[in-house]
Amino acid sequence: RAKALGRCQHKLFDTDLSYEILERAELVAALHRLVEGDGLLLHYQPIYGIHARKVQSYEALARWNHPERGMIPPDVFIRLAEETGLIHQLGERILHLACSEALNWPAHINVSVNVSPLQLKNRKFPEIVKNVLEKTGLNGARLEVEITESVLMDEYEHKNVILNELKALGCKISMDDFGTGYSSLSYLWKFSFDKIKIDRSFIQALPDPTAKEIIQAILGIASIRAMTVTVEGVETAAQLQMVSNMGCSEAQGYYLGRPQQQAIAGTRDTETALVWE
Ligand code: C2E
Ligand code: MG
Ligand code: MG
Ligand code: MG
């Protein structure tokens, strides 16, 4: 019986594998259409200033509305776009969409855009950003660029030049998902980030004392470099309370607002609903 089952599983595996290859080829073909702008959507998730209890910015999160498969999450298609080199075009479209959308918001609210490591390798990236800002008319000071820490693993000098050019356009630079991947204090030392976004795994481990100590340590480092600390993945009032007490400046998470197609609608009423002790 075990043998029969084993054979069966083996066969299943083979079929799955060829299906995967087929599926991938099909997805890549469709990805070319996405890059042309067909089916690309951005959702916006609010980031709150904890002290003011007001929306400080919205993070643009890419969605692929595939005609047959429905919503494909960014973890799937961003990686595919990176592997196929389509990320440059796609990233530029995302940036353009996000910046035009932000023009519909009150001027004190920024837009935060995730940028792939590959985009940041491109020597022309600052020029692309500059052009998008010019075309859309968005003030560069309203654009925040999120990069993951693994971005900085190689080509320090090259990337430092690019980050500084982005800063010269007025943009703020955030280190995303801090504490995961290849964390290294040297990144914080070599690059002047404006913000650190602490990965949601630390917030979700609260009230675990070790998670708390790590968050406090990150806050300590951030204060040395005058960086803003944002916490990701706040799902409960208790978590918001804890990170607020610890002195974090900004918070984001399902408790405060889920990613939505329209930025302003669907956000918590900042005056009445954001109540915590
Ligand atoms: P990220 O930049 O760290 O974005 C946060 C992710 O966490 C989003 O998932 C968001 O929906 C989710 N999230 C927010 N609050 C909560 C919460 O309270 N609990 C939980 N469990 N999750 C929460 P999403 O939209 O699926 O995006 C996943 C990742 O894909 C992003 O992580 C980002 O790295 C990447 N990504 C998304 N859009 C883009 C893009 O336009 N360009 C690039 N290069 N990457 C993108
Ligand atoms: Mg992000
Ligand atoms: Mg993140
Ligand atoms: Mg993430």
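Residues numbered from 1 in each chain as written. Chains lettered and ligands numbered in written order. Predicted model: local features only at pLDDT ≥ 70, side-chain atom pairs only at ≥ 80, totals over all residues. Heavy atoms only, no water.

Where an unreviewed UniProt entry is consulted, the protein chain appears under the name Diguanylate cyclase, with the organism given as Acetobacter fabarum.

Asker: Help me out: how do you make sense of the layout of surface pockets in this one?
Answerer: Any space left empty among the atoms is revealed by the rolling of a water-sized probe across them. Empty space within the largest pocket amounts to approximately 1,100 Å³. Along the wall of the largest pocket there are 38 residues; nearest its centre are Glu59, Leu61, Asp75, Asn114 and Asp176. At the level of secondary structure, the elements contributing two or more residues to the lining of the largest pocket comprise strand S2 (54-66), helix H2 (74-84), helix H3 (87-102), strand S4 (110-114), helix H4 (117-121), strand S5 (143-148), strand S6 (172-178) and helix H8 (200-204). In this structure, the second largest pocket encloses a volume near 190 Å³. In terms of lining residues, the second largest pocket is bounded by Glu20, Ile21, Glu23, Arg24, Leu27, Val76, Arg79, Leu80 and Glu83. Counting only elements with at least two residues in the lining of the second largest pocket, the list comes to helix H1 (2-35) and H2. For the lining of the second largest pocket, the leading source of residues is H1, giving five residues. In terms of residue class, the lining of the second largest pocket is built from four nonpolar, no polar and five charged. (1 Å grid on protein atoms, 1.4 Å probe; cavity = no way out; pocket = protein on both sides within 12 Å on 5 of 7 lines; lining within 4 Å. Points joined across faces, edges and corners; volume = space filled by probe spheres on them. Helix = DSSP H or I, 4+ residues; strand = E, 2+ residues; numbered from the N terminus. Nonpolar A, V, L, I, M, F, W, Y, C, P; charged D, E, K, R; others polar.)

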